[in-house]
Amino acid sequence: MMAHSKALLVLENFIGGKFVPCSSYIDSYNPSTGDVYCRVPDSGKEEVEAAVKAAKVAFPIWSSKSPLERSQILNKLADLIERDLEAFAQAESKDQGKTITFARTVDIPRAVYNFRFFASSILHHTTECTEMATMSCMHYTSRTPVGVAGLISPWNLPLYLLTWKIAPAIACGNTVVAKPSEMTSVTAWMMCKLLEKAGVPHGVVNVVFGTGARAGEALVCHPDVPLISFTGSTLTAQRITEKSAPHCKRLSLELGGKNPAIVFDDADLLQCIPTTLRSSFANQGEICLCTSRIFIQRGIYSEFLKRFVAEAKKWKVGNPSDPTVDVGALISKEHLEKVRSYVKKAQAEGARVLCGEGVDSLALPTGNQKGYFMLPTVIAEVKDESCCMQEEIFGPVTCVVAFDTEEEVIERANSVKYGLAATVWSSNVGRVHRVAQRLQAGLVWTNCWLVRDLNLPFGGMKASGIGREGAKDSYEFFTEVKTITIKH
Ligand code: NAD
């Protein structure tokens, strides 16, 4: 461990409504400077045990509150986070490396909206009823919360994705033990400070900080946690599935992607190019929904490439707290090295790097020289079987390839193990419907990207996940359904 010159921010677990220190801590880095600035509890079985116990104690009271009472509390929490939006955005940017602009306009507003959305949607669910007149029977369904929900979230959209789980879980009457990523724990800790004021009873939301191997696995293996909602990598999901199998836990798994954008020669490039730049490089390319394979119909290939690369070069990389910066720092040194290694592999295979890594020079402000920065990188002439076209890179790197026919591009777009999202660009209505129907992806955007209606299902096919989240889907996941028959 390195010597710490400045006073560090020290986080504590939040268990049963109280902040509790931990016996050991791990270092957390500011990705834009490379400095350790925060210490995060290195929780294990003992801390998870205490948190599950607190959640179990709180469950009978919380689950017996009416949806309206719970809804009012969720709305209050949303108001409090919104009141502190700027402080949350600053903290998220510092902790994760993302630009302050992205944190201000996407992460924190969405965290607020997650609570408001589920505060509202919980009031509008109905159950089913059927009659069997000949048997003098009627049947109806009833839904009840499951119990203590285990929630595990990643580092790319820290508070956004954590609240996307906490909000529906508690709206449905469950109590929770949440474990954010050990690399981005600060905003979850800040949220805990607001829970009491919002009226969330002690023990309803417990947050245990620490690594996946210790805290995460203790939660997954805990016999009193019947349900795990996980967002993260496919590899970790396999481990969670294995570890939870002896308990037959209910799992929701939101995993990685290798998302294609398909650009037909009748696409409106004035819309397509800026949106595809965003879909490739927003949040440093660290969004599961980011585009990393761009298929361009041959007739417009050269034109697209010329314009796309010229625009990519304009993206400003630098200090995330500078509001004019478009690309902040990647999450860690190791991750930066991993992303860079993909570019090297592509070059070794004969692909052409058109801009970015290894081609253009990156000038960083003095204070950011040790940060984990990388230029938006565009690679052309990559073979479909190359690891750059098959594996999730999760950084500001996108591959551009040409195609000839609709049939061909559908097959090539589907030829990866993932199936999270896809984007189709064409002005032919028939074609966008046809292609969207045949793409193996849980979400298909046509002539746009990242436009979401939270009412509708979100999730991936194939190695991109199991289950869906959304108004109805999250309600179904976080509740048990029972069919009751009455003979009259
Ligand atoms: P990760 O799988 O390494 O970690 C995710 C979380 O799981 C972290 O909190 C981590 O501590 C925990 N974890 C790790 N090992 C564990 C274990 N054995 N048991 C229990 N918990 C464990 O993922 P990451 O690197 O934090 O996030 C990036 C990945 O997340 C990418 O693959 C990205 O595509 C994916 N992601 C998916 C979505 C989606 O909605 N589909 C959204 C965002 C990110």
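Rules behind the numbers
Counting restarts for each chain, with residues numbered from 1 along the sequence as it is written. Since the coordinates come from a predicted model, pLDDT governs what is reported: local features require at least 70, and pairs of side-chain atoms require 80 or more to be given and counted, while whole-chain, interface and lining totals use all residues. Heavy atoms from the whole structure form the basis of all side-chain values; hydrogens and water molecules are not counted. UniProt positions are given in the numbering used here, feature names are shortened, and annotations may be inferred rather than shown by experiment. Whether a residue is near a molecule or strand depends on its heavy atoms: if one lies within 4 Å, it is near. In the analysis that follows, any N or O atom pair within 3.5 Å is treated as a polar contact, provided that within protein one partner can donate a hydrogen and the other can accept it, and provided that, for residues neighboring in sequence, both atoms belong to side chains. The method behind every accessible area is Shrake-Rupley, applied with a 1.4 Å probe, and residues are considered shielded solely by the protein chains displayed. Cavity means a closed set of points on a 1 Å grid over the protein atoms alone, one where a 1.4 Å probe fits but cannot get out, pocket means an open set with protein on both sides within 12 Å along at least 5 of 7 lines, and lining means a residue has an atom within 4 Å of a point. Molecule-in-pocket calls rest on the fraction of atoms, with more than half required to lie within 2 Å of the cavity or pocket grid points. Only DSSP runs of H or I with at least four residues qualify as helices, and only runs of E with at least two residues qualify as strands; both kinds are numbered from the N terminus onward. Gly is put with the polar residues, along with every residue not named as nonpolar or charged; the nonpolar set is Ala, Val, Leu, Ile, Met, Phe, Trp, Tyr, Cys and Pro, and the charged set is Asp, Glu, Lys and Arg. Only when DSSP finds a minimum of two bridges between them are two strands counted as paired. Axis lines are fitted through C-alpha atoms, for helices just across the contact stretch, and the angle between N-to-C directions can take any value from 0 to 180 degrees. The criterion used for residue contact is that any of the two residues' heavy atoms lie within 4.5 Å. Geometric relationships in this document are graded by angle, where less than 35 degrees denotes roughly parallel, more than 145 denotes roughly antiparallel, 65 to 115 denotes roughly perpendicular, and other angles denote oblique. By convention the crossing between two helices is left-handed if the near helix lies anticlockwise of the far one by an angle smaller than a right angle, and right-handed if it lies clockwise. Residue burial is assigned from relative accessible area. The probe radius is 1.4 Å, only protein chains are included, and a residue is buried under 20% of its type maximum, exposed over 50%, and partly exposed in between. All the domain ranges listed were derived from an automatic or database domain assignment. Here the buried area means the combined drop in accessible surface, using a 1.4 Å probe, for two parts upon being joined, counting both sides. Take a side-chain nitrogen of Lys or Arg and a carboxyl oxygen of Asp or Glu: if they are within 4 Å of each other, that pair is a salt bridge.

Looking up the chain in an unreviewed UniProt entry gives the name 2-aminomuconic semialdehyde dehydrogenase, with the organism given as Lophotis ruficrista. Quoted straight from UniProt, the Sequence similarities (unreviewed entry) entry for the chain says "Belongs to the aldehyde dehydrogenase family." Annotation of the chain in UniProt includes, under Pathway (unreviewed entry), the sentence "Amino-acid degradation; L-kynurenine degradation."

Lining the immediate surroundings of the ligand are 30 residues, of which Ser153, Glu182, Thr236, Leu255 and Glu392 lie closest. Separating an oxygen atom of the ligand from a side-chain N or O atom of tryptophan 155 is a distance of 2.8 Å. With respect to the ligand, the side chain of serine 233 contributes an N or O atom lying 2.8 Å from an oxygen atom. Considered on its own, the ligand offers 850 Å² of accessible surface; in the complex 89% of this is hidden by protein. More than half of the atoms belonging to the ligand lie within 2 Å of the grid points that define the largest pocket. Listed by contribution, the elements that provide at least two residues to the shell around the ligand are helix 7 (212–221), strand 11 (227–231) and helix 8 (234–244). Here the shell around the ligand gets four residues from one element, more than from any other, and that element is helix 7. The class makeup of the residues in the shell around the ligand is 13 nonpolar, eleven polar and six charged.

Moving on, we get to the sheet that holds strand 14 (residues 291–297). Taking strand neighbours across the sheet as the criterion, the seven strands line up as 15-16-17-14-13-19-20 in an open arrangement whose pairing is mixed. A strand with exactly one partner marks an edge of an open sheet, and here the two such strands are strand 15 (352–355) and strand 20 (443–446). Between one strand axis and the next, the sheet turns through 25° on average, direction left out of account. Where helix 13 (residues 406–413) meets the sheet, its contacts fall on strand 13 (259–263), strand 14 and strand 17 (397–403), and the angle it forms with strand 17 comes to roughly 150°.

All right, on to the packing of helix 9 (residues 269–281) against helix 10 (residues 301–312) then. Look at helix 9 against helix 10: their axes get within 10 Å of each other, and the N-to-C directions meet at 55°. Classified by the angle between their axes, helix 9 and helix 10 sit oblique to one another. Once helix 9 is placed against helix 10, the crossing between them reads as right-handed. Counting all contacts with helix 9, which are made through Leu269, Leu270, Cys272, Ile273, Thr276, Leu277, Ser280 and Phe281, the residues of helix 10 involved are Glu303, Phe304, Arg307, Phe308, Glu311 and Ala312. Residue classes in the contact of helix 9 with helix 10 are distributed as nine nonpolar, two polar and three charged.

With phi around 55°, asparagine 283 is a residue other than glycine that occupies positive phi space. With respect to the helices and strands, asparagine 283 occurs in the loop between helix 9 and strand 14. The phi dihedral of glutamate 381 is positive, around 60°, even though this residue is not glycine. Mapped onto the fold, glutamate 381 is located in the loop between strand 16 (377–380) and helix 12 (387–390). Its relative accessible area of 44% is what places glutamate 381 among the partly exposed residues.

On to the domain arrangement of the chain. The domain boundaries assigned to the chain delineate domain 1 (9–255 + 464–487) and domain 2 (259–446). Put simply, the middle of domain 1 and the middle of domain 2, counted by C-alpha atoms, are 31 Å apart. The interface is formed by 23 residues belonging to domain 1 together with 30 residues belonging to domain 2. Between domain 1 and domain 2 lies a buried interface of about 2000 Å² when both sides are counted; carbon and sulfur atoms form 58% of it. Ranking the residues of domain 1 by area buried against domain 2 places Ser32, Trp155 and Ser464 at the top, with a combined share of 26%. Linking domain 1 to domain 2 there are zero salt bridges. If you look at where domain 1 meets domain 2, you find eleven residue pairs in polar contact (both at pLDDT 80 or more). Elements with a minimum of two residues in the side of domain 1 that touches domain 2: helix 3 (85–96) and helix 4 (100–121). Counted by class, the side of domain 1 that touches domain 2 contains eight nonpolar, twelve polar and three charged residues.

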